[in-house]
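Structure assessment
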Amino acid sequence: MPRQSSSTKKPTAKPSKTSAPAAKSTPNSKKSGSSTVKKGSSAKKTGTLVKKLQSHKKGSHAKHLRSTVYKIDCSKPAEDAIFDAEMLQGFRQYLTERIKVNGKAGKLSNKVVVTLEGSVINIKTFIHYSKKYWKYLTKRYLKKRLLRDWLRVVSVSRLSYELRYFNIGEQDDEGEEA
């Protein structure tokens, strides 16, 4: 008698050649009788729909950046020589140093551009900012230059502010009448 090793394989039963081969099942097919039937062509449609939805995810529009231009009109104080050319240039420089991008002040890179056209400061942004942020920075600059007592920041339109004088003359007239 030959000696058998412990690692020998047990013989397995092979399928007989007379039986029909089993149909392979795929995720998109159902077994119906002896033939396979696909669920339909809706699988292709939903596949393309999923691809379209994935292409519209947040951040997929990196090539097309939407910009917003905010304006701060300093023409009224500039007419009265309170804001001269040097002061307007200083205001533009103040904004470029103080505007925060991703929590870091002064690092504008190419996301924010501050320009001066005459007596109007234009701020072109490629990322979202609140309009109130520009009012806040303008008021801080006026306070720094000790002009906050005479000038105020007024919203003129959806994307612009204007520097105006307080109406002191009207308040004095009302006080005299009483």
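Look up: the structure comes first, before these words.
First things first, this report covers the structure right here in the doc. (Residues numbered from 1 in each chain as written. Predicted model: local features only at pLDDT ≥ 70, side-chain atom pairs only at ≥ 80, totals over all residues. Heavy atoms only, no water.)

1. Notes on the overall build of the protein chain
- Along its length, the protein chain carries five helices and nine strands.
- From first element to last, N terminus to C terminus, the protein chain shows the α and β order β-β-α-β-α-α-β-β-β-β-α-β-β-α.
- Relative to its 178 residues, the protein chain shows a buried fraction of 22%.
- Within the protein chain, contacts between residues separated by at least 24 positions form 54% of all contacts whose residues are at least 6 apart in sequence.
- On the protein chain, roughly 14,400 Å² of surface is accessible, and the fraction owed to carbon and sulfur atoms is 52%. (Helix = DSSP H or I, 4+ residues; strand = E, 2+ residues; numbered from the N terminus. Buried < 20%, exposed > 50% of the residue type's maximum accessible area, 1.4 Å probe, protein only. Contact = heavy atoms within 4.5 Å. Areas by Shrake-Rupley, 256 points an atom, 1.4 Å probe, with all protein chains shown as cover.)

2. Digging into a positive patch on the surface
- Residues Lys100, Arg140, Lys144 and Arg145 make up a contiguous surface patch of positive charge.
- The residue Arg140 is located in helix α4 (residues 131-144) in this model. (Patch = residues over 30% accessible without salt bridge, like charges linked within 9 Å, V, L, I, M, F, W, Y side chains within 5 Å. Salt bridge = Lys/Arg side-chain N within 4 Å of Asp/Glu carboxyl O. Lys, Arg positive; Asp, Glu negative; His and termini not counted. Charge placed at Lys NZ, Arg CZ, Asp CG, Glu CD.)

3. What about the nonpolar core?
- Among the nonpolar cores identified, the biggest contains 27 residues, and Phe83, Leu95, Ile99, Ile123 and Trp134 are the most heavily contacted of them.
- Where this core is concerned, the elements lending two or more residues are β3 (68-73), α3 (85-98), β6 (112-117), β7 (120-125), α4, β8 (151-157) and β9 (160-165). (Core = buried A, V, L, I, M, F, W, Y, C linked by side-chain atoms within 4.5 Å.)

4. A few points about a nonpolar patch on the surface
- Together, Trp150, Phe166 and Ile168 make up an exposed nonpolar region whose accessible area comes to about 300 Å².
- On the basis of relative accessible area, Trp150 is assigned to the partly exposed category, the value being 48%.

5. What to know about the packing of aromatic side chains
- Tallying each qualifying case throughout the model produces nine aromatic pairs.
- Ring centres of Tyr129 and Trp134 lie 5.0 Å apart, and the angle between their planes is 50 degrees; on these two criteria the pair is classed as tilted. Here Tyr129 and Trp134 have matching classes, each one buried.
- An aromatic cluster is present here, built from Tyr70, Tyr129, Tyr133, Trp134 and Tyr136 joined pairwise through their rings. (Phe/Tyr/Trp six-rings, centres within 6.5 Å; stacked < 30°, edge-to-face > 60°.)

6. Overview of the pattern of salt bridges
- Here the structure, examined in full by the defined rule, presents three salt bridges.
- Linking Arg98 and Glu97 is a salt bridge whose minimum nitrogen-to-oxygen distance equals 3.5 Å.
- By relative accessible area, Glu97 is classed as partly exposed at 40%.
- Overlapping salt bridges, with partners in common, bring together Lys76, Glu162 and Arg164 in one network.

7. Observations regarding the packing of α3 against α4
- Where α3 meets α4, the closest approach of the two axes is 11 Å, and the angle between their N-to-C directions is 125 degrees. Here α3 is positioned oblique relative to α4, judged by the angle of their axes. The crossing of α3 and α4 is right-handed. Contacts between α3 and α4 involve Met87, Gly90, Phe91, Tyr94, Leu95 and Arg98 from the first element and Tyr133, Leu137, Thr138, Arg140, Tyr141 and Lys144 from the second.
- Class assignment of the residues belonging to the contact of α3 with α4 gives a composition of seven nonpolar, two polar and three charged. (Axes fitted to C-alpha atoms, helices over the stretch in contact; angles between N-to-C directions. Parallel < 35°, antiparallel > 145°, perpendicular 65-115°, else oblique. Left-handed = near helix turned anticlockwise from the far one by under 90°. Nonpolar A, V, L, I, M, F, W, Y, C, P; charged D, E, K, R; others polar.)

8. Side note on the sheet that holds β3
- In space, the five strands of this open sheet follow the order β6-β7-β3-β9-β8, with mixed pairing throughout. Edge strands, defined here as strands with exactly one partner in the open sheet, are β6 and β8. Here the strands of the sheet are splayed against their neighbours by 20 degrees on average, with no regard to which way each runs.
- As paired strands, β8 and β9 are joined by six bridges and run antiparallel to one another. (Pairing = 2+ DSSP bridges.)

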